[in-house]
Amino acid sequence: MILGIETSCDETSVALLDGDGAVRVNLIASQIERHRPFGGVVPEIASREHLQHLFPLVGRALDDARASWSDIDRIAVTAGPGLIGALLVGVAGAQGLSYALGVPLTPVNHLEGHIFSPYLQREGAAISLPDRFLSLVISGGHSSIYDVKGGRPVMLNRTRDDAIGETFDKVAKFIGLPYPGGPQIEKHAGAGSIDRRRFPFPVPQFKDDSLDFSYSGIKAGAIRIARQQNIRIDGGDPKTLADFCATFQDALFAQLFDRLNAIWSRLPPPRPTEVAIAGGVAANGTLREKIQAWGRDRGIIVRLPEKRYCTDNAAMIAFAAMQSSAEAADPLRVHARSRIA
Ligand code: KG4
Ligand code: ZN
């Protein structure tokens, strides 16, 4: 079995996967409640929480899988990108376990964890990876489209400023919704209708023909409109709030599809036969429906990660280590890195 460890942000997660990629256990100790009073993740609190939860969680994972230390053949740990203090807890813990058990340690890029997550399965073995697929990684820290060939992701675009999940979170915070904002905006959007005249959020275009994302304009526009029209969870008109959320969410996704369409049309044939979405925002039901329709129109397979594998989890980290041909490293030479080129 492979033991996965993830501590890059605000979830401590430990997973055990069988050799065929089947998930035996995937435990997540979420710190959301601890960070909620601050409206975002406080790095120092995150590190301390990881320190408290990591080893008890490893013990529980072994119990739940009815496994013992000797069943662990390999360890995979998120080495970055992420909060450095948070990453260090996972990496140091994994190094200690690897050294003590005498099993190899594989450092994993958190983004590769997300990229491969749509191919993870709770029941039975993982779906085998296609030779090539397009991956949209949309989370609190990242917004990028990758062309993944032979398991190697090539970045096609990125955000120039805010990530899409971050935009959800910041606008939600401004109107008084609790952290994390994405699921809250989605909930209120469900009761509203799109009104572009009342809430104009244009899709930004760059003069230099770049297909990068940019979400800071929509963020600033949404905050300005919310202030002018008194859109707030406490005191404002609920119907206006719902319509605002529906239109704002739609604008974020409109930009996603604008870039996806442009990238798709620029890709020389033969094009990938599969498109996958990953990261926290991939849990959004409206987006899941939209991307499935996008694939149906073009005869392309769309892969959606199970919702529990959208946000940060250790199963995807162990799974990514299994996809990579990278040799397991000397445990004492694995380093946490907050940024990875
Ligand atoms: O992947 P993730 O757990 O952490 C990062 O690596 O960033 O993603 C968290 C992000 C948050 O910004 C959260 O608001 C967003 O994912 N999110 C959603 C939904 N669920 C989580 N955004 C929109 N709709 C959702 N249902
Ligand atoms: Zn993540």
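Before reading on, note that the structure itself is shown above.
Residues numbered from 1 in each chain as written. Chains lettered and ligands numbered in written order. Predicted model: local features only at pLDDT ≥ 70, side-chain atom pairs only at ≥ 80, totals over all residues. Heavy atoms only, no water.

## Quick word on the sheet that holds strand β4 (residues 74-80)
Condition: Two strands qualify as a pair provided DSSP detects at least 2 bridges between them. By definition, any uninterrupted DSSP run of H or I lasting at least four residues is a helix, any uninterrupted run of E lasting at least two residues is a strand, and each is numbered from the N terminus. The angle between two axes is taken between their N-to-C directions and runs from 0 to 180 degrees, where each axis is a line fitted to C-alpha atoms and a helix contributes only its stretch in contact. We call two residues in contact whenever any of their non-hydrogen atoms come within 4.5 Å of each other.
Pairing is mixed across the open sheet formed by 5 strands, whose spatial order is β3-β2-β1-β4-β5. Strand pairing shows two members of the sheet lacking a second neighbour, β3 (23-30) and β5 (105-109), which therefore form its edges. Adjacent strand axes in the sheet meet at a mean angle of 20°, parallel and antiparallel pairs treated alike. One ladder, built from 4 bridges, connects strand β1 (residues 2-6) with β4; its direction is parallel. Residue pairing for β4: Leu-3 is matched across the bridge by Ile-75. The strands that helix α2 (residues 43-64) touches are β1, β2 (11-17) and β3; relative to β2, the one it contacts most, it runs at about 25°. Of the strands in this sheet, β1, β2, β3, β4 and β5 touch helix α10 (residues 314-323), which is tilted by about 125° from β1.

## Comments concerning the coordination of the zinc ion (ligand 2)
For a metal bound by four donors in a tetrahedral arrangement, the ideal donor-metal-donor angle is 109.5 degrees, while six donors in an octahedral arrangement ideally sit at 90 or 180 degrees. Heads up, the rule is: Any N, O or S atom lying within 2.8 Å of the metal counts as a donor, with the limit raised to 3.2 Å for Na, K and Ca; because water is left out of the atom set, some sites can appear incomplete. Irregular is the default label, applied whenever a site is not tetrahedral (four donors, all angles between 85 and 135 degrees) and neither square planar nor octahedral (four or six donors, opposite donors over 155 degrees apart, all other angles between 65 and 115). Note on exposure labels: buried denotes an accessible area under 20% of the residue type's maximum, exposed denotes more than 50%, and partly exposed covers the range between, all computed with a 1.4 Å probe on protein chains only.
Those protein atoms acting as donors to the zinc ion (ligand 2) are His-110 (NE2), His-114 (NE2) and Asp-312 (OD), and they sit at 2.0 to 2.2 Å. Note that the zinc ion (ligand 2) binds 4 donor atoms; their angles at the metal cover 93 to 137°, and the shape is irregular. Expressed as a motif, the donor residue spacing for the zinc ion (ligand 2) is H-x3-H-x197-D. Separated by 198 residues along the polypeptide, His-114 in helix α4 (residues 110-116) and Asp-312 in the loop between β10 (301-303) and α10 bring together distant segments of the chain. Judged on exposure class, the residue His-114 and its partner Asp-312 are both buried.

## Here we look at the pairing of β3
Both faces of the sheet carry side chains from a regular strand, because those side chains alternate between them. Bridge count between β2 and β3: 7 bridges; the pairing is antiparallel. Paired with Leu-17 across the two strands is Val-23, which belongs to β3. The hairpin formed by β2 and β3 contains 5 residues between the paired strands, and Gly-21 there has a positive phi angle of roughly 90°.

## Focus: the pattern of salt bridges
As a reminder of what qualifies: Here, a salt bridge means any side-chain nitrogen of Lys or Arg that lies within 4 Å of a carboxyl oxygen of Asp or Glu.
Following the criterion strictly, the structure yields 19 salt bridges and no others. Residue Arg-160 is joined to Asp-212 by a salt bridge in which the shortest nitrogen-to-oxygen separation is 3.1 Å. Note that Arg-160 is positioned in the loop between β8 (152-157) and α5 (164-174) and Asp-212 in the loop between α6 (181-189) and α7 (216-228), a separation of 52 residues in sequence. On the accessibility criterion, Arg-160 (38% relative accessible area) is partly exposed. Of the residues examined, Asp-212 reaches a relative accessible area of 11% and is grouped as buried. Among the ionic pairs, Lys-219 bridges to Asp-162, the shortest N-O distance being 3.2 Å.

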